[in-house]
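Take a look at the letters that make up each chain.
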Amino acid sequence: MEIFDYDNILLLPRKCRVESRSECDASVELGGRKFRLPVVPANMKTVVDESISLWLAQNGYFYVMHRFDLDNAAFVRHMHAQGTYASISMGVKAPDRATVDTLAAEGLVPEYITIDIAHGHADSVRNMIGYIKGKLPSSFVIAGNVATPEAVIDLENWGADATKVGVGPGKVCITKLKTGFGTGGWQLSALKWCARVATKPIIADGGIRSHGDIAKSIRFGASMVMIGSLFAGHEESPGKTVEVDGALFKEYYGSASDFNKGEYKHVEGKRILEPIKGKLANTLIEMEQDVQSSISYSGGTKLADLKKVNYVVLGGENAGEHLFM
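Summarised in this report is the structure supplied together with it. (Residues numbered from 1 in each chain as written. Predicted model: local features only at pLDDT ≥ 70, side-chain atom pairs only at ≥ 80, totals over all residues. Heavy atoms only, no water.)

Right, let's get into the sheet that holds strand S8 (residues 162–165). Read from one edge to the other, the open sheet built from seven strands follows the order S4-S10-S9-S8-S7-S6-S5, with strand pairing classed as parallel. In this open sheet, the two strands that pair with only one neighbour each are strand S4 (39–41) and strand S5 (87–90). Averaged over all pairs of adjacent strands, the angle between strand axes in this sheet comes to 25°, irrespective of strand direction. Taken together, the three bridges between strand S9 (residues 202–205) and strand S10 (residues 224–227) define a ladder with parallel strand orientation. Note that in S10 the partner of Ile203 across the bridge is Met224. Here helix H7 (residues 187–195) sits on the sheet and contacts S8 and S9; the angle it forms with S9, its principal contact strand, is near 165°. (Pairing = 2+ DSSP bridges. Helix = DSSP H or I, 4+ residues; strand = E, 2+ residues; numbered from the N terminus. Axes fitted to C-alpha atoms, helices over the stretch in contact; angles between N-to-C directions. Contact = heavy atoms within 4.5 Å.)

Below you can see the structure in the form of structure tokens.
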């Protein structure tokens, strides 16, 4: 198989069919709802919080709330009271099953539940999917993270409604350095590999460094793209504000970092400082316009048209044009 990442790929334009890029539809459907963009901020403490989640939901975007130091039942209750959908994260341990019990007992049904662990191809995930589906059958379950077609097939067979692909490609992830495993450095080809066997949506998670990488992710099989660093560092971001030589930055750290865990144990993440980028709403508008431009270059009018374009691989032994329709 070819091994490449976002930097090694360029998509090839087709004849433009629109008068204006604004005619292109960047929206996507997931779990019976339509969202303005195929992107979701990473479910990390320095990227999303309750107020950002509510704003995203009310403005037509998908979100996944993180699972750290959070009362999930209270969060679901609050989101439903505001007249919008609830999208939460869980682990696979006894307290997570207890949360499912609480939600079911109180009749609180989150529309989306993401089972979020570092190595998602695991019996513990199979058991958790079954537990959620038994108690909250109408919740849309996203499970991950995984890195292989075998894992995608298993998670789908276990009952996941979508899978999250990406082990260690994130900007604050050091999994490949600590363990020798992962998709860091070849995330895009891992996505292509996994998408070939998927029958349900895939969320590509990690490795996104520019807006053009969103279009590349869709081209290689993603339905949605989870992004951390590009969403960290906004004025509203929950990360701590730090001043360095007169410039302002926001803290951004991995969920498997000691900063998030509160202890140095099984650490696979680090902390960095992201320059403050301004308002999140402005980034989302720019992102939507860039995805619309990508669609116009594809010769299409909607997001799915990105899947039809050819591409070239830059550099390396397997460089060349790939006519993979």
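Further remarks concern the packing of aromatic side chains. Summed over all chains, the structure comprises 14 aromatic pairs. Seen from their ring centres, Phe4 and Tyr311 are 6.3 Å apart, and the 50° between their planes marks the pair as tilted. Remark: Tyr311 occurs in strand S14 (residues 311–313) and Phe4 occurs in the segment before strand S1 (9–11); sequence separation between them is 307 residues. For Phe4, a relative accessible area of 1% translates into the label buried. On the basis of relative accessibility, which here comes to 1%, the residue Tyr311 falls in the buried class. (Phe/Tyr/Trp six-rings, centres within 6.5 Å; stacked < 30°, edge-to-face > 60°. Buried < 20%, exposed > 50% of the residue type's maximum accessible area, 1.4 Å probe, protein only.)

Interaxial distance between helix H1 (residues 50–58) and helix H10 (residues 280–297) falls to 12 Å at its minimum, and their mutual angle equals 40°. Considering their axes alone, H1 and H10 lie oblique with respect to each other. Both H1 and H10 take part in a crossing whose hand is right-handed. Seen from H1, the contacting residues are Ile52, Trp55 and Leu56; seen from H10, they are Leu280, Ala281 and Leu284. Across the contact of H1 with H10, the residue classes tally to six nonpolar, no polar and no charged. (Parallel < 35°, antiparallel > 145°, perpendicular 65-115°, else oblique. Left-handed = near helix turned anticlockwise from the far one by under 90°. Nonpolar A, V, L, I, M, F, W, Y, C, P; charged D, E, K, R; others polar.)

The phi angle of most residues is negative, glycine excepted, and most peptide bonds adopt the trans form. Cis geometry is found at the peptide bond from Gly144 to Asn145, where omega equals 5°. Tracing the backbone shows Asn145 in strand S7 (residues 140–146). You will see that Asp69, though not glycine, has its phi angle at about 50°, which is positive. Relative to the elements of secondary structure, Asp69 occurs in the loop between H1 and helix H2 (72–81).

What follows deals with the nonpolar core. Within the largest apolar cluster, 89 residues are counted, with the highest numbers of intra-cluster contacts made by Phe62, Tyr63, Ile115, Val125, Ile132 and Ile227. If we skip the residues at most four places from it in the chain, Ile227 touches Val39, Val40, Pro41, Ala42, Ile208, Ile214 and Met287. (Core = buried A, V, L, I, M, F, W, Y, C linked by side-chain atoms within 4.5 Å.)

Within the secondary structure, Asp101 is located in helix H3 (residues 94–105). Taking the C-alpha atoms as reference, Asp101 lies 23 Å from Gly83; in sequence the two are 18 residues apart. Those residues in contact with Asp101 that sit more than four places away from it in its chain are Tyr131 and Lys135. Of the polar contacts made by the side chain of Asp101, one reaches the side chain of Tyr131; its length is 2.6 Å. At 3.3 Å, the side chain of Asp101 forms a polar contact with the side chain of Lys135. (Polar contact = N/O pair within 3.5 Å; in protein donor to acceptor, adjacent residues only side chain to side chain.)

This next bit is on the pairing of strand S11 (residues 241–244). The pairing of S11 with strand S12 (residues 247–253) spans four bridges and is antiparallel. Bridge pairing links Glu243 to Leu248 in S12. Once S11 ends, the chain turns through two residues before running back antiparallel as S12, passing Asp245 with a positive phi of about 50°.

Next up on the list: helix H4 (residues 123–135). Think of an α-helix as turning once every 3.6 residues; residues three or four places apart then point the same way. Helix length check: H4 (13 residues) gives 19 Å between terminal C-alpha atoms against 18 Å at 1.5 Å per residue, within 8%. When H4 is considered as a whole, its buried residues turn out to be Val125, Met128, Ile129 and Ile132. Projected down its long axis, H4 carries its buried residues within an arc of 105°, all on one side. Looking at the buried side of H4, the elements it contacts are S5, H3, strand S6 (112–116), S7 and helix H5 (149–158). (Expected span 1.5 Å × (residues − 1). Arc of directions from axis to C-beta.)

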